[in-house]
Amino acid sequence: MKLKRRKTSWEDAYQKELETFKDIGDVGEIWFGEESMRRVLRWMEKEKIPKNASILDIGTGNGAFLVELASHGFKNLTGIDYSPASVELARNVLQAEDLLDISVKEVDFLNCHGVLKGFDVCIDKGTFDAVSLNPDTTVDHKKLYVQALKGALTDGGLFSITSCNWTKDQLLKQFSEGFEFVLELPTPTFQFGGKTGSSVAALIFRRV
């Protein structure tokens, strides 16, 4: 999992994926696999999220999840990433799928300063992991993330986060101010030493 890369490394990685997509049409890596997307989509359908809900994909990468959301009928979609190569890749992927009405923007979520607002649903699959693991800036980045998320969501808006670096209890603590816990989504479990655990946490919060 590519979670400790800095911006230049992300840019290099997405530039290679962009070149590969242009050559052979391969969209590249899907973080946490396709099941992670299906897990969130099942929750959205069970929650009866309106098809016209304003949805933000935080750290959209190659835009694969935007494609899945569109295939399930969601119409008001925005993806953001701070990597220019990622944004170009996502736009190419969406264009190939003839999804020209989906907005993809080059935005640093930690420093968006009110640019993002009014979203009914925000979705994160690994971005919080990536921005909060630099030992030199972990505390500041986590605070900036939470502030940006509060600004992006409407009152009562929903936030879906998938993480492989933070446990459920850690995420509950991190998003304790301004959010209420709604639901834990089922993820694969493992057994070791007579105990059951999970390598992935997937939680839903509501902006309050």
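Here the residue index of a chain counts from 1 through its sequence in written order. Restriction of local features to residues with pLDDT of at least 70 applies here, the model being predicted, together with a cutoff of 80 or more for giving and counting side-chain atom pairs; totals for whole chains, interfaces and linings are based on all residues. Note that the side-chain values use all heavy atoms of the structure and ignore hydrogens as well as water.

Let us now look at the overall build of the protein. A count of helices and strands for the protein gives seven helices and nine strands. Burial here depends on accessible area, computed with a 1.4 Å probe over protein chains only, as a share of the maximum for the residue type. Under 20% is buried, over 50% is exposed, and the range in between is partly exposed. Of all 208 residues assigned to the protein, the portion counted as buried reaches 46%. Methods summary: accessible areas were calculated by the Shrake-Rupley approach with a probe of 1.4 Å, and residue burial reflects only the protein chains presented. Per element, the accessible surface of the protein, about 10600 Å² overall, is 49% carbon and sulfur. Counting from the N terminus, the helices are the DSSP runs of H or I reaching at least four residues and the strands are the DSSP runs of E reaching at least two.

For the rest of this paragraph, the subject is the sheet that holds strand β2 (residues 76-81). Two strands are counted as paired when DSSP detects at least two bridges linking them. With respect to topology, seven strands assemble into an open sheet ordered β3-β2-β1-β4-β5-β9-β6, the strand pairing being mixed. Here the strands that pair on one side only, and so sit at the sheet edges, are β3 (103-106) and β6 (179-184). Shown here is a sheet whose adjacent strand axes are inclined to one another by a mean of 20°, direction ignored. As paired elements, β2 and β3 share four bridges and run parallel to each other. Following the sheet pairing, I80 is matched in β3 by K105. Against the sheet, helix α2 (residues 34-47) touches β1 (54-58), β4 (119-125), β5 (153-163), β6 and β9 (201-207), its axis set at about 150° to β5. Lying on the sheet, helix α3 (residues 64-71) is in contact with β1, β2, β3 and β4; it crosses β2 at an angle near 175°. In this analysis, axes come from line fits to C-alpha atoms, helices being fitted only over the stretch in contact, and the angle between any two N-to-C directions falls in the range 0 to 180 degrees. Here, residues are in contact when the closest pair of their heavy atoms is within 4.5 Å.

Take the packing of α2 against α3 next. A packed helix pair is summarised by two numbers, namely the angle formed by the two axes and the spacing between the axes. Running from amino to carboxyl end, α2 crosses α3 at an angle of 35°, the nearest separation of the two axes being 11 Å. When the axes of α2 and α3 are compared, the crossing they make is right-handed. On α3, the residues touching M37, V40, L41 and M44 of α2 are A64, F65, E68 and L69. By residue class, the composition of the contact of α2 with α3 is seven nonpolar, no polar and one charged. Each crossing is labelled by how the near helix is turned from the far one, with a counterclockwise turn of less than a right angle marking it left-handed and a clockwise turn marking it right-handed. Only Asp, Glu, Lys and Arg are considered charged, only Ala, Val, Leu, Ile, Met, Phe, Trp, Tyr, Cys and Pro nonpolar, and every remaining residue, Gly among them, polar.

The length a helix should cover is 1.5 Å for every residue beyond the first. With 13 residues, helix α4 (residues 84-96) extends 18 Å between its outermost C-alpha atoms, agreeing within 8% with the 18 Å of an ideal straight helix rising 1.5 Å per residue. All of the buried residues in α4 are A85, S86, V87, L89, A90, V93 and L94.

A few words on the pairing of β4. Across the seven residues of β4, six count as buried, placing the element largely inside the fold. By the bridge criterion, four bridges tie β1 to β4 in an arrangement that is parallel. Residue pairing for β4: I55 is matched across the bridge by V121. As paired elements, β4 and β5 share six bridges and run parallel to each other. Note on β5: the bridge partner recorded for D124 is I161.

With that settled, the discussion passes to the pattern of salt bridges. Working definition: two side chains of opposite charge can pair if their charged atoms are close together. Criterion for a salt bridge: a side-chain nitrogen of Lys or Arg within 4 Å of a carboxyl oxygen of Asp or Glu. Taken as a whole and judged by the stated rule, the model has five salt bridges. Notably, a salt bridge pairs R38 with E35, separated by 3.2 Å at the nearest N-O pair. Taken together, the positions of R38 and E35, both in helix α2 and three residues apart, correspond to about one turn of that helix. Using a relative accessible area of 29% as the deciding quantity, one classes E35 as partly exposed. What emerges from the salt-bridge pattern is a single network uniting E34, E35, R38 and R42.

Of note, K48 is a non-glycine position whose phi angle comes to about 60°, a positive value. Positive phi, normally seen in glycine, also occurs at D98, with a value near 60°. Considering the arrangement of structural elements, one finds D98 in the loop between α4 and β3. For D98, a relative accessible area of 59% corresponds to the exposed category.

Within a predicted model, pLDDT stands for the predictor's per-residue confidence, ranging from 0 to 100. Model confidence for the protein is summarised by a mean pLDDT of 85, while 77% of its residues fall at 70 or above. Across residues 1-5, where pLDDT falls below 50, the model places 18 contacts with residues more than four positions away in sequence or in other chains.

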